[in-house]
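Listed here are the chains, written in short residue letters.
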Amino acid sequence: MEKVDVLIIGAGVVGLAVAAELSKHFKNLSLLLLERHNKFGQETSSRNSEVIHSGIYYPTGSLKAKLCVEGNQLLYEFCREWDIPHKRLGKLIIARNHNEIQALESISAQGRMNGVNDLELLDRDQIAKLEPNINAAAAILSPSTGIIDSHKLMLRLEWLALEHSAMIAYNHEVIGVDSKGNGYDVAYSNPTGQLESIHCRWLINCAGLSSDQIFSFLGINLDEIGYRIYPCKGEYFSVSNTKSALVSRLIYPPPLKELKGLGIHATKTLDGRLRFGPNAFYVEKLEYDVNADHAREFYNAAKTYMPFLKCADFVPDMAGIRPKIQAPGDPLRDFIVCHEVERGFKGLINLIGIESPGLTSSLALAELVRSFIH
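Enquirer: Looking at this model, I keep getting lost on the pattern of salt bridges. Mind explaining?
Expert: Charged atoms that come close allow side chains of opposite charge to pair. Under the definition given, this model contains 18 salt bridges. The shortest N-O distance in the salt bridge between K180 and D185 comes to 4.0 Å. The partner of K324 in a salt bridge is E355, and the shortest N-O contact between them spans 2.7 Å. Within this pair, whereas K324 is found in strand β18 (residues 315-324), its partner E355 is found in the loop between β20 (348-352) and α10 (358-372), the two being separated by 31 residues in sequence. Across the pair, E355 and K324 agree in class, each one buried.

Written out as structure tokens, the structure reads:
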């Protein structure tokens, strides 16, 4: 059986970031990245808002808060170093009426506790100077929120991993994992459909929507330990270029209380389009269609703060699916990043439930994984 020191499952942005980080710092270790699709980032990593978040919302001390704040800085530095297209547009979190202003104050306090120190509270007149077409009673300005070309980011991470002698195998789907005393035997189907196996000392599970299934191959009861993934779909609608030009920043209403999502918000793309989303609803099938009938839901949410919009302006754009470990109705869950030594799986590092702000946190997540390797 062939052997490698480190095997990573999943070539989304996190798997690629881990591959680039480990291959750079551990030149003496052989590293293989397996991906079931024919290229990187075919699921969650390429189907999101492409926002560089600042780390405002998440509970203080959580991995989401810590890694988002760290990742924000790392990502901007990486973009500058490697000419990754991005824009530091800034974001307004708005109170649409006086009843929502208290929510802004608690969001601002949460942000400061998380180490986000550049937030400004704005009144109606200050908002009008920045975004004259927005209807808001007050807002938080987050200057360090921005947008990024996630494809170019992943392309550069792939290049860096390969440059540091990592191996990447696309069209290779992991179908089984066995624990051995000195590591793991990983079974996979190759591009021709043949079954093969490889042994590794370190197994890093970055399989996104399938990351719970990868761990279950070892006989783990996912429900018992809270590792089951509940796919949560989010759709996006965009509006015409003429209407897009009326807003220059990201505009967010206060987030939903259960943080199933941040509410239907307005983001800008790098080419200047205005996009709304995502909504959020749990699904069983991984299908990426957008239901055109949902345009009314998006319009009803957006017209409360962008009165210039009409329902006919909303055109289906794209959909993504988040790998939530938060079951319907459950409280907020943090990222799972765990070296599973206590469960008897030395050398196995799980990254499960890496949803938003996973893109922003990707480089910080890779550094955290590196800290486990020895």
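Let us keep going from here.
Enquirer: Is there a simple way to think about unusual backbone geometry in this case?
Expert: Negative phi characterises most residues that are not glycine, and trans characterises most peptide bonds. In this chain, G277 is followed by P278 through a cis amide linkage whose omega measures -10°. With respect to the helices and strands, the residue P278 is situated in the loop between β16 (274-277) and β17 (281-282). The residue after S356, namely P357, is reached through a cis peptide bond having omega 5°. Here P357 lies in the loop between β20 and α10. The phi dihedral of D83 falls on the positive side, at around 55°, and the residue is not glycine. The exposed category is assigned to D83, whose relative accessible area is 67%. The backbone of S165 shows a phi angle near 75°, a positive value even though the residue is not glycine.

Enquirer: Before we go on, may I ask you to explain the environment of Q73 in this structure?
Expert: By secondary structure assignment, the location of Q73 is in helix α2 (residues 63-82). Each C-alpha atom of the pair Q73 and L363 lies 9.7 Å from the other, and the pair is 290 residues apart in sequence.

Thresholds, definitions, all that
Residues numbered from 1 in each chain as written. Predicted model: local features only at pLDDT ≥ 70, side-chain atom pairs only at ≥ 80, totals over all residues. Heavy atoms only, no water. Salt bridge = Lys/Arg side-chain N within 4 Å of Asp/Glu carboxyl O. Helix = DSSP H or I, 4+ residues; strand = E, 2+ residues; numbered from the N terminus. Buried < 20%, exposed > 50% of the residue type's maximum accessible area, 1.4 Å probe, protein only.

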